[in-house]
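# Topology and contacts: notes
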Amino acid sequence: QVQLVESGGGLVQPGGSLRLSCVASGFIFSSNAMSWHRQAPGKGRELVAVISSAGVSTNYADSVKGRFTISRDNGKNTVYLQMNNLNPEDTAVYYCVAPGPRNYWGQGTQVTVSS
């Protein structure tokens, strides 16, 4: 059973930082690319960042380039999203996603950026 458990969300002020973590199980983590998506209030889900299986290649949504960094530790079956210089537009539920027939999604972790 594929399982993805996100953590690290919370309330931060604009300009602040958060580090999200996603612990994966139920598949060969090191053989799969991983991604982070987010869903802002009233919006659809948006791809935020992708990382290749070995972590050598990454891609980011234009809106987060230069501010967010995706990384992974295959020894810990964990993927991270370091979020810096957060702004209110980053407010969303953030999901860790693994590939599958319909992809696999974690339960999500709430990130709220507000003064």
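Let us look at the structure shown here. (Residues numbered from 1 in each chain as written. Predicted model: local features only at pLDDT ≥ 70, side-chain atom pairs only at ≥ 80, totals over all residues. Heavy atoms only, no water.)

Across its full length, the chain carries 0 helices and 11 strands. When its helices and strands are written in sequence order, the chain yields β-β-β-β-β-β-β-β-β-β-β. Relative to a compact globule of 115 residues, whose C-alpha radius of gyration would be 13 Å, the chain shows 13 Å and is just as compact. For the chain, the spread of C-alpha atoms along the principal axes amounts to about 40 × 25 × 20 Å. (Helix = DSSP H or I, 4+ residues; strand = E, 2+ residues; numbered from the N terminus. Rg over C-alpha atoms; globule rule 2.2 N^0.38 Å.)

So, about the sheet that holds strand β3 (residues 18-25). The strands making up a sheet associate through backbone hydrogen bonding, with each pair oriented either parallel or antiparallel. In spatial order, the strands read β1-β3-β8-β7; together these 4 strands make up an open sheet with antiparallel pairing. Each edge of the sheet is formed by a strand with only one pairing partner; in this case those strands are β1 (3-7) and β7 (68-73). On average, each strand axis in the sheet is tilted by 15 degrees relative to the strand beside it, whichever way the strands run. Where β3 lies against strand β8 (residues 78-83), 6 bridges are found, and the strand directions are antiparallel. Looking at the pairing, Arg-19 lines up with Gln-82 of β8. (Pairing = 2+ DSSP bridges. Axes fitted to C-alpha atoms, helices over the stretch in contact; angles between N-to-C directions.)

Below, the discussion takes up the pattern of salt bridges. Any two side chains of opposite charge can pair, given that their charged atoms come close. By the definition in use, this model includes 4 salt bridges. Residue Asp-62 is joined to Lys-65 by a salt bridge in which the shortest nitrogen-to-oxygen separation is 3.1 Å. Salt bridges here are not isolated pairs; linked through shared partners, they connect Arg-38, Glu-46, Arg-67 and Asp-90. (Salt bridge = Lys/Arg side-chain N within 4 Å of Asp/Glu carboxyl O.)

Next up on the list: the packing of aromatic side chains. Going through the model one piece at a time under the given rule, you end up with 2 aromatic pairs. Each ring, one from Tyr-95 and one from Trp-105, has its centre 5.7 Å from the other, and the planes form 75 degrees; the classification is edge-to-face. Of this pair, Tyr-95 sits in strand β9 (residues 92-98) while Trp-105 sits in strand β10 (residues 104-105), and the two are 10 residues apart along the sequence. The partly exposed category is assigned to Trp-105, whose relative accessible area is 31%. (Phe/Tyr/Trp six-rings, centres within 6.5 Å; stacked < 30°, edge-to-face > 60°. Buried < 20%, exposed > 50% of the residue type's maximum accessible area, 1.4 Å probe, protein only.)

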